[in-house]
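For reference, the chains in residue letters:
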Amino acid sequence: MARILYVENHAIFAAQVTSLFLSQHDINIVPSLEAARQALKTKSFDLVLLDYDLDDGKGADLLPDLVAMTSCPYAIAVSSHDAGNLALLKAGANEICGKLQFSKISSVVSNALNRMPSF
C-alpha cells in the first residue's frame, strides 16, 4: 500500500478514480496547491498524482517544492490535456498518466512503486 497525495480540484472525479482504481492505497485528496503544500508538511507520501489546472495555480508550481524535499515523492502528471502533462513533465514530474488513460493508473502506480528503492 502506497501513501498517495492526489492534487485534484474536481472532488467527484478524484473520489471516483480513488474508488475504482486506487482503493488499495492510502489516498489523501487535496483540491489546491496550498492544500498540497500543507499536506506535504504534515505527512510523507510515496507518490503525488498532480493535475495541471488548479484553482490557485498550475500543478507545475508544486514540483519545485517536491524536488527540494529530502525524500522526494514520485510525481505522476494526471492532466486531461497533453499541454498540461508536458508542462508537468518539464517541471519535474516523473511520468504521465493522462485522465483519458486513467484505466491504467493502477498499473502506472504499481510500476512506480516497483522502481522505488523502499518498496
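Before going into details, it helps to say that this report is about the structure given with it. (Residues numbered from 1 in each chain as written. Predicted model: local features only at pLDDT ≥ 70, side-chain atom pairs only at ≥ 80, totals over all residues. Heavy atoms only, no water.)

**Examining the pairing of strand 3 (residues 47-50)**
Note the threshold: Between buried and exposed lies partly exposed: a residue is buried under 20% and exposed over 50% of the maximum accessible area for its type, with that area taken using a 1.4 Å probe on protein chains only. Numbering of helices and strands runs from the N terminus, with a helix taken as a DSSP run of H or I at least four residues long and a strand as a DSSP run of E at least two residues long. Pairing between two strands is assigned when DSSP locates at least 2 bridges connecting them.
Both faces of strand 3 are covered, namely the face carrying Leu47 and Leu49 and the face carrying Val48 and Leu50. When strand 1 (residues 3-7) meets strand 3, the two strands line up parallel, connected through 4 bridges. From the neighbouring strand, isoleucine 4 faces strand 3, where its bridge partner is leucine 47. Relative to strand 6 (residues 74-77), strand 3 runs parallel, the two sharing 4 bridges. Paired with leucine 49 across the bridge in strand 6 is isoleucine 76.

**Observations regarding the pattern of salt bridges**
The following threshold applies: The term salt bridge refers to a pairing of a side-chain nitrogen on Lys or Arg with a carboxyl oxygen on Asp or Glu at a separation within 4 Å.
Counted according to the given criterion, the structure contains 7 salt bridges. Across the salt bridge formed by aspartate 26 and lysine 43, the nearest N and O atoms sit 3.8 Å from each other. On the criterion of sequence distance, the pair formed by aspartate 26 in strand 2 (residues 26-30) and lysine 43 in the loop between helix 2 (33-42) and strand 3 is long-range, its members being 17 residues apart. Residue lysine 43 is classed as partly exposed on the basis of its relative accessible area, which comes to 35%. A cluster of three or more residues bridged by salt bridges with shared partners is formed by Glu8, Asp51 and Lys99.

**A word on the sheet that holds strand 3**
In space, the 5 strands of this open sheet follow the order 2-1-3-6-7, with parallel pairing throughout. The sheet is open, and its two borders are formed by strand 2 and strand 7 (95-96), each paired with just one other strand. In terms of strand pairing, strand 1 meets strand 2 through 5 bridges, oriented parallel. Bridging from a neighbouring strand, leucine 5 pairs with asparagine 28 of strand 2.

**A word on helix 5 (residues 105-115)**
Spelled out, the test is: Arc definition: it is the arc formed by the directions from the helix axis to the C-beta atoms. Should any heavy atoms of two residues lie within 4.5 Å, those residues are counted as being in contact.
Residues Ile105, Val108, Val109, Ala112 and Leu113 constitute the buried set of helix 5. Along the axis of helix 5, the buried positions cluster into a sector of 135 degrees, meaning they face one direction only. Exposed residues lying more than 90 degrees from the buried face of helix 5 are Asn114 and Arg115. Tucked into the core, helix 5 has its buried residues touching strand 1, helix 1 (11-21), strand 3, strand 6 and strand 7.

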